[in-house]
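Coordinate analysis (summary)
Listed below, chain by chain, are the residues.
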Amino acid sequence: MLNGKRVLLIIGGGIAAYKTPELVRLIRKAGGHVRVILTKAASEFVTPLTLASLTGEKVHEALFSLTDEIEMGHIELSRSADLLVVAPATADLMAKAAHGLANDLASTTLLATDKPVLMAPAMNVRMWLHPATQRNLATLRADGVSFVGPDEGDMACGEYGPGRMAEPAAILAAIEAHVARDTAPKPLAGKHVLITAGPTHEPIDPVRYIANRSSGKQGYALAEAAREAGARVTLVSGPGTLPAPIGIRTIRVETAREMDEAVEQALPADIAIFAAAVADWRVADESKEKRKKDGNAIPPLQLTENPDILARIARHATQRPRLVVGFAAETEKVLEHAQAKFARKGCDLLVANDVSPASGVMGGDRNRVHLVSPEGVESLPDMTKNDVATALIARFADALARRG
Ligand code: CTP
């Protein structure tokens, strides 16, 4: 239910605009208010009169309208909304929004808003698949815009493929999901959560390094779950291919020593979560030049120990976070090793998982974890890494609250 939430619906000029009266009807039935901005092209497909009757409000069309600016200017339009919905989001509107163009009321409002934006794209399949549109999609996603659809199917232009606007019921469901996220309790509001994630790379020489198979997915998922719980998040990430999560300060490092330094710089924190697979050792005699094969002697690699970041922070003399969480990646005797590690590292909670090749955890999308605490062990079911993250963050928030 939308409980009086105010939706600003921007209707772009595509054939799918004919479905927007139904969308307006559904939003109102779910208890939401709707105001409409119609682009010039959209008014060829759906009339302002229809939308005004359905919303009970004036429909806004022109950027430079004296009466509109006096009654409700374009800035006020976005200010007075809880959520902006663009449906249909045409290739043109997406391009304008991605590039920050502002030459009509719809694009100006999108540039002027600081409210969440949901887009329901609709266009010919070739236009959708065109690299330009896909680039714009990636830019908008990185800017925090959410998307629903497009669906795949027969198109008005006679082609088949992705490009049909999501059905009004699906758009309503996406709006409701947004509202539910917005109104969900924020147990970590005002807290700073520091998370390490990913592998580290330890150089052998300028072209070679020692690494491990960690993808960083679980750590990144934890960062996003902490953000959803209202926290300010700092993510210290080893090398990897994952994009920096939106709204999260992400510091990229290569080596364990750089990670250690970045963690220290990021203090103070309320919670510190050490999900990174830090290399235990680095090469002692890192070569400044590329090592060469010289005859038949195979060069030995002399290793030396890296700083144990978790153990150091757990015993920090001045800035120990109130809750310190370690991870244990094990390939056998998972619980036995985890409990020993829990005792050794000085952390408050420890998350243990099985990373043996058969488990598929390293690099995969699923995980099965055991939460070790002074009270005992809680084993969570096999879930996606996102669901594991949400479940763990809820427990960490509880544990922090109990510490007062
Ligand atoms: N860790 C760390 N710094 C290190 C090594 C590990 O912060 N130099 C952290 C990891 O992020 C994780 C926990 O310590 O939270 C355990 O890491 P793991 O590699 O499983 O443990 P190790 O200390 O390496 O123990 P072992 O070699 O016995 O498995």
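Conventions and cut-offs
Residues numbered from 1 in each chain as written. Predicted model: local features only at pLDDT ≥ 70, side-chain atom pairs only at ≥ 80, totals over all residues. Heavy atoms only, no water. Near = heavy atom within 4 Å. Polar contact = N/O pair within 3.5 Å; in protein donor to acceptor, adjacent residues only side chain to side chain. Areas by Shrake-Rupley, 256 points an atom, 1.4 Å probe, with all protein chains shown as cover. Helix = DSSP H or I, 4+ residues; strand = E, 2+ residues; numbered from the N terminus. Nonpolar A, V, L, I, M, F, W, Y, C, P; charged D, E, K, R; others polar. Axes fitted to C-alpha atoms, helices over the stretch in contact; angles between N-to-C directions. Parallel < 35°, antiparallel > 145°, perpendicular 65-115°, else oblique. Left-handed = near helix turned anticlockwise from the far one by under 90°. Contact = heavy atoms within 4.5 Å. Pairing = 2+ DSSP bridges. Right-handed = clockwise from strand over helix to strand, strands pointing away. Domains from an automatic or database assignment. Salt bridge = Lys/Arg side-chain N within 4 Å of Asp/Glu carboxyl O. Buried < 20%, exposed > 50% of the residue type's maximum accessible area, 1.4 Å probe, protein only.

1. Some words on the site of the ligand
- Contacts to the ligand come from 15 residues, most closely from Phe274, Ala276, Phe327, Lys341 and Lys345.
- Here Ala329 contributes a backbone N or O atom positioned 3.4 Å from an oxygen atom of the ligand.
- In this structure, an oxygen atom belonging to the ligand sits 2.6 Å away from a side-chain N or O atom of Lys341.
- Protein burial of the ligand: of its 580 Å² of free accessible surface, 80% is covered by the chains.
- When contributions to the shell around the ligand are tallied by element, the ones reaching two or more residues are helix H12 (309-314), strand S16 (323-330) and helix H13 (334-345).
- Of all the elements, S16 adds the most residues to the shell around the ligand, at four residues.
- Residue composition of the shell around the ligand, by class: nine nonpolar, one polar and five charged.

2. Let's talk about the packing of helix H5 (residues 91-99) against helix H8 (residues 131-142)
- Relative to each other, H5 and H8 sit at 50°, their axes nearing to 9 Å. As summarised for this structure, H5 and H8 are arranged oblique, according to the angle between their axes. Our pair here, H5 against H8, has a crossing hand that is left-handed. Note on element contacts: H8 touches H5 through Thr133, Asn136, Leu137, Thr139 and Leu140, opposite Ala91, Met94, Ala95, Ala97, Ala98 and His99.
- Residues belonging to the contact of H5 with H8 are distributed by class as follows: seven nonpolar, four polar and no charged.

3. Focus: the pairing of strand S2 (residues 33-38)
- Looking at chain direction, strand S1 (residues 6-11) and S2 are connected through six bridges and run parallel. The residue of S2 that forms the bridge with Ile10 is Ile37.
- In terms of handedness, the path from S1 via helix H1 (residues 20-29) over to S2 forms a crossover that is right-handed.

4. A closer look at the domain arrangement of the protein chain
- The domain boundaries assigned to the protein chain delineate domain 1 (6-183) and domain 2 (192-402).
- Computed over C-alpha atoms only, the centres of domain 1 and domain 2 are separated by 41 Å.

5. Some remarks on unusual backbone geometry
- Of the consecutive residues Ala87 and Pro88, the connecting peptide bond is found in the cis state with omega at -10°.
- Across the junction of Leu267 and Pro268, the peptide omega takes the value 5°, indicating a cis bond.
- By the element assignment, Pro268 lies in the loop between helix H11 (256-266) and strand S13 (271-274).
- Positive phi outside glycine occurs at Lys333, with the angle close to 40°.
- By secondary structure assignment, the location of Lys333 is in the loop between S16 and H13.

6. A closer look at the pattern of salt bridges
- According to the stated counting rule, one finds 23 salt bridges in the structure shown.
- Its salt-bridge partner being Asp365, residue Lys217 comes within 3.0 Å of it at the nearest N-O pair. Of this pair, Lys217 sits in helix H10 (residues 217-228) while Asp365 sits in the loop between strand S17 (349-354) and strand S18 (366-367), placing them 148 residues apart in sequence.
- Under the relative-accessibility criterion, Asp365 is labelled exposed at 53%.
- Residue Glu286 is joined to Lys288 by a salt bridge in which the shortest nitrogen-to-oxygen separation is 3.8 Å.
- Taking the relative accessible area as the measure of exposure, Glu286 reaches 33% and is therefore partly exposed.
- Via salt bridges that share partners, Lys19, Arg164 and Glu167 belong to a single interconnected network.

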